[in-house]
Amino acid sequence: MKHLINSRDFDIQTIEGIFKKAKTFKESGFTNLLKDRLIITIFFENSTRTKSSFEVAAKRLGATVVSLDVSQSSSSKGETLFDTAANLDAMGPDAIVVRHKNAGVPKILSNYVNCPIINGGDGAGAHPTQAILDLFTIKEELGKVKGKKIAIVGDIKNSRVANSNVELLSRFGLEVIMVAPPHFMPKTKNFRQTHDINEIIDEVDIIMSLRTQTERHSNQIYASLKDYAKDFCITKELVKDRNILLLHPGPVHRNIDIDDDMLKDPRCKVLEQVKNGVFTRMAVLEYLING
Ligand code: ASP
């Protein structure tokens, strides 16, 4: 049984296959490849894009989707996560997409069910489908990605999106540069790091801006996010006319992560990422369920 818990779970060949399928889905639209299949989504942590993206993806493949409202589920009545999983599993789903505020939960659940588990984001752990859709978007825009330089900017230390992207993008030969204030910088010696975005702006091909993960901070770090924005907001004044692709997993803190002008700029691919999220998740669901 295959699961998608971390980006590492898919080797390069599998990812290339996912991209090929996603491209076909993007070109040809709806299919019935998962007709009569049942997909359950269970999100213990808030989500706008990821949950709806999985649900749209499943429906575009002809699957039936049951989406558990966690606030009304038995976990709020004290049922353990494992009992919830075992009960869901007893209904015979073909895949379960789970998000949880604690890193490691999807991995543990995968031991209790008889269908693929897809990690829709676990705490500060991993968000594999986000990294897959990000790489798909980069490849679509730039073609060859080996040797390209990407600056990941922001709260890298608390970001599951950063974790999954650092793993996947470096495996595909991109050079990752981490740009963050000291308290948002992870402890690693494996990647180039800087606190000053101006230092790397002339050499990067891509900037991936990240949201400050305030919900994962044990104490307030900035008096106001405006202090952070002074140094790390991606503005038109910073980017100028450079040939840089701008990405963000959303939700964007406007004028904190990226300013209004850059959000409107054609180099900013945030909505294209959302679009590609559906096609790449269609390909992931189809691969894990149909093989
Ligand atoms: N949507 C992404 C996530 O779920 C990024 C974020 O929330 O900042 O991790």
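Whatever comes next refers back to the structure up there.
A brief report on the enclosed structure follows. As the structure is a prediction and not an experimental result, all values here were calculated from the model. (Residues numbered from 1 in each chain as written. Predicted model: local features only at pLDDT ≥ 70, side-chain atom pairs only at ≥ 80, totals over all residues. Heavy atoms only, no water.)

1. Quick word on the overall build of the protein
So, point 1. The secondary structure content of the protein amounts to 10 helices and nine strands.
So, point 2. The C-alpha atoms of the protein give a radius of gyration of 19 Å, which matches the 19 Å a tight globule of 291 residues would have.
So, point 3. For the protein, the spread of C-alpha atoms along the three principal axes comes to 55 × 45 × 35 Å.
So, point 4. Look at the contacts in the protein between residues 6 or more apart in sequence, and 75% of them connect residues 24 or more apart.
So, point 5. Counting only carbon and sulfur atoms, one obtains 49% of the accessible surface of the protein, whose full area is about 13,200 Å². (Helix = DSSP H or I, 4+ residues; strand = E, 2+ residues; numbered from the N terminus. Rg over C-alpha atoms; globule rule 2.2 N^0.38 Å. Contact = heavy atoms within 4.5 Å. Areas by Shrake-Rupley, 256 points an atom, 1.4 Å probe, with all protein chains shown as cover.)

2. Quick notes on unusual backbone geometry
So, point 1. In this structure, the amide linkage connecting Gly250 to the following residue, Pro251, adopts the cis form with an omega of -5°.
So, point 2. On the secondary structure map, Pro251 appears in the loop between β9 (245–247) and α9 (260–264).
So, point 3. The backbone of Lys240 sits at a positive phi, close to 50°, despite the residue not being glycine.
So, point 4. For Lys240, the location among the structural elements is in the loop between α8 (236–239) and β9.
So, point 5. In this structure, Asn255 takes a positive phi of about 65° despite not being glycine.
So, point 6. Owing to a relative accessible area of 36%, Asn255 belongs among the partly exposed residues under this scheme. (Buried < 20%, exposed > 50% of the residue type's maximum accessible area, 1.4 Å probe, protein only.)

3. Concerning the packing of aromatic side chains
So, point 1. All chains considered together, the criterion is met by five aromatic pairs.
So, point 2. Here the aromatic rings of Tyr228 and Phe232 are separated by 5.3 Å at their centres, their planes lie at 20°, and the arrangement is stacked. One end of the pair, Tyr228, and the other, Phe232, are both in helix α7 (residues 225–232), four residues apart, so they sit about a helical turn from each other.
So, point 3. When its relative accessible area of 1% is taken as the criterion, Tyr228 is described as buried. (Phe/Tyr/Trp six-rings, centres within 6.5 Å; stacked < 30°, edge-to-face > 60°.)

4. Details of the sheet that holds strand β7 (residues 192–194)
Think of a sheet as strands paired side by side through backbone hydrogen bonds, with each pair either parallel or antiparallel.
So, point 1. Spatial ordering of the open sheet is given by β7-β6-β5-β8-β9, a layout of five strands whose pairing is parallel. One side of each edge strand has no neighbouring strand; the edge strands of this open sheet are β7 and β9. Each adjacent strand pair in this sheet contributes to an overall mean axis angle of 20°, direction not counted.
So, point 2. With four bridges joining them, strand β5 (residues 149–153) and strand β8 (residues 206–209) adopt parallel strand pairing. When the sheet's bridge partners are listed, Ala151 is paired in β8 with Ile207.
So, point 3. Running at roughly 165° to β9, helix α5 (residues 128–142) makes contact with β5, β8 and β9 of the sheet. (Pairing = 2+ DSSP bridges. Axes fitted to C-alpha atoms, helices over the stretch in contact; angles between N-to-C directions.)

5. Focus on the packing of helix α2 (residues 49–60) against helix α10 (residues 270–290)
So, point 1. It is at 8 Å that the axes of α2 and α10 come closest, and there the two elements cross at 55°. Comparing the axis directions of α2 and α10 gives the class oblique. Classified by chirality, the crossing of α10 by α2 is right-handed. When α2 is examined against α10, the residues Arg49, Thr50, Ser53, Phe54, Val56, Ala57, Ala58 and Arg60 are found in contact with a partner set consisting of Val274, Gly277, Val278, Arg281, Met282 and Leu285. (Parallel < 35°, antiparallel > 145°, perpendicular 65-115°, else oblique. Left-handed = near helix turned anticlockwise from the far one by under 90°.)

6. Here's the deal with the side chain of Thr14
So, point 1. Secondary-structure assignment places Thr14 in helix α1 (residues 12–28).
So, point 2. At 2.6 Å, the side chain of Thr14 and the side chain of Asp11 are in polar contact. (Polar contact = N/O pair within 3.5 Å; in protein donor to acceptor, adjacent residues only side chain to side chain.)

7. Overview of the state of the cysteines
So, point 1. Under the definition given, this model contains zero disulfides.
So, point 2. Not part of a disulfide, Cys233 finds its nearest cysteine sulfur in Cys268, a span of 11 Å. (Disulfide = S-S within 2.5 Å.)

8. Let's talk about the sheet that holds strand β3 (residues 95–100)
So, point 1. The strand order across the open sheet formed by four strands is β2-β1-β3-β4, and the pairing between neighbours is parallel. Looking along the sheet, the strands with just one partner apiece sit at the ends: β2 (64–68) and β4 (117–122). The mean inter-strand angle of the sheet, taken between neighbouring strand axes irrespective of direction, is 15°.
So, point 2. With respect to the sheet, α10 is in contact with β1 (38–43), β3 and β4, its orientation differing from that of β4 by roughly 145°.

Keep in mind that these numbers describe shape and distance, not what the molecule does.
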